[in-house]
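# Structural features, examined
Next come the chains, spelled out residue by residue.
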Amino acid sequence: MRIGLGLPHYGALATVDSLVEVSRAAEAMGYDSLWTGDRLFVPVEPSDPYPGKDGVIPPQFGTFLDPLTALTFAAAHTERVRLGTNTLNALWYPPVILARTLTTLDILSKGRLDAGFGIGWMRDEYTAVNVPWTGKGARLDETLDLLEQIWTSEVVQHDGPLFTVVPTPIEPKPVQRPRPPILLPGFSPQAIRRVGRRADGWLGVGAPLPALSYLWDSVRREAEAAGRDRGDIRFIVRINPHLSDEKADPEQVPDHGTMVQLVDYARSLVDLDVDEVFIDLGQTTTTSAEVLDHAGAFIEGVRAG
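Read on for a plain summary of the structure. Quick caveat: nothing in here was measured; it's all calculated off a predicted structure. (Residues numbered from 1 in each chain as written. Predicted model: local features only at pLDDT ≥ 70, side-chain atom pairs only at ≥ 80, totals over all residues. Heavy atoms only, no water.)

### Focus on the pairing of strand β2 (residues 33–36)
- Of the two faces of β2, the one carrying Ser33 and Trp35 and the one carrying Leu34 and Thr36 are both buried.
- For strand β1 (residues 2–6) and β2, the ladder comprises three bridges, and the chain directions are parallel. Bridge pairing links Leu5 to Leu34 in β2.
- Read as a crossover between parallel neighbours, the route from β1 over helix α1 (residues 16–29) to β2 is right-handed.
- Of the crossover connections in this fold, the one passing from β2 over helix α2 (residues 67–76) to the parallel strand β3 (residues 82–85) is right-handed. (Buried < 20%, exposed > 50% of the residue type's maximum accessible area, 1.4 Å probe, protein only. Helix = DSSP H or I, 4+ residues; strand = E, 2+ residues; numbered from the N terminus. Pairing = 2+ DSSP bridges. Right-handed = clockwise from strand over helix to strand, strands pointing away.)

Here it is, written out as structure tokens:
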């Protein structure tokens, strides 16, 4: 099982020094990947509750570096780790511009990009970028269609409900051929169906193992229904813990718990055929030293198992 680490690109850790220090140290520790997410702002009175148990948006989200710029910066200070988004809110960006930016990152990193796309959860952000809140699923599908064509076709031509591209060659192409891996999240039947039909990986979140197992089985069934090999889809699990010195109730893990509990949870994911687990420490640390201390304990503990 591969192990990844969230980049310090939001909250108090969103600094140049933290990005450089954590990127280099994570690669030296043996981490396989570095990850960013996507957030525009935290309104005084949000239109929608945070999709967590208490519905409160983490205060750290009020400071957020651009996820792709942060990954590009990390690429310049590393050589081996893969660079992923979990997730990039794809609908905020015109697909042609998004394709160019992602292609640039893949080229500058020499083919290390994993492109994870989401649709977000807060209407206020959609209003700010002048993108309709309704019809998100259809917009994502057309965005993915256009990205696929830009990355794989010599001449791109698209005439869809939302976007039009006249016949034109679009260069350069990504280093990874036929294109960078596309990863998608989601728990609804529609989202699971989309993952099974067209994604290279499913982006899950830390949850009780029975729930994760059920959803993963659903993804693989949808893949088979679409005529795909279920083994072609990767299973990636993100953990966003709040670390504590005292043991948490088992029902609270991995949202809360000690490092030992988090390590035990991560080890247990092997039984679900999880391909990769990554830990984001941005909500439980305030310094690079804390991040690296916990990151070292996490990878050492998981690898020891």
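### Side note on the pattern of salt bridges
- Taken as a whole and judged by the stated rule, the model has 16 salt bridges.
- One salt bridge in this structure joins Glu125 and Arg39, with 2.5 Å as the shortest N-O distance. Here Glu125, found in helix α4 (residues 123–128), pairs with Arg39, found in the loop between β2 and α2; they are 86 residues apart in sequence, far enough to count as distant. Side by side, Glu125 and Arg39 carry an identical accessibility label, which is buried.
- Close ionic contact of Asp141 with Arg198 constitutes a salt bridge, the shortest N to O distance being 3.7 Å. Pair noted here: Asp141 is in helix α5 (residues 136–152) and Arg198 is in helix α6 (residues 189–198), with a separation of 57 residues, a long-range link.
- Residues joined by salt bridges that share partners form a network here, namely Arg2, Arg82, Asp114, Arg234 and Glu276. (Salt bridge = Lys/Arg side-chain N within 4 Å of Asp/Glu carboxyl O.)

### Examining the packing of aromatic side chains
- Scanning the model with the defined rule gives 12 aromatic pairs in all.
- Considering the side-chain rings of Trp202 and Trp216, the 6.3 Å spacing of their centres and the 10 degrees angle between planes classify their relative orientation as stacked. In this pair, Trp202 sits in strand β9 (residues 201–205) while Trp216 sits in helix α7 (residues 209–225), placing the two residues 14 residues apart along the sequence. Assigned by exposure class, Trp202 and Trp216 land together as buried.
- An aromatic cluster is defined as three or more aromatic residues linked by ring pairs; in this entry it consists of Tyr10, Tyr50, Phe61, Phe64 and Trp121. (Phe/Tyr/Trp six-rings, centres within 6.5 Å; stacked < 30°, edge-to-face > 60°.)

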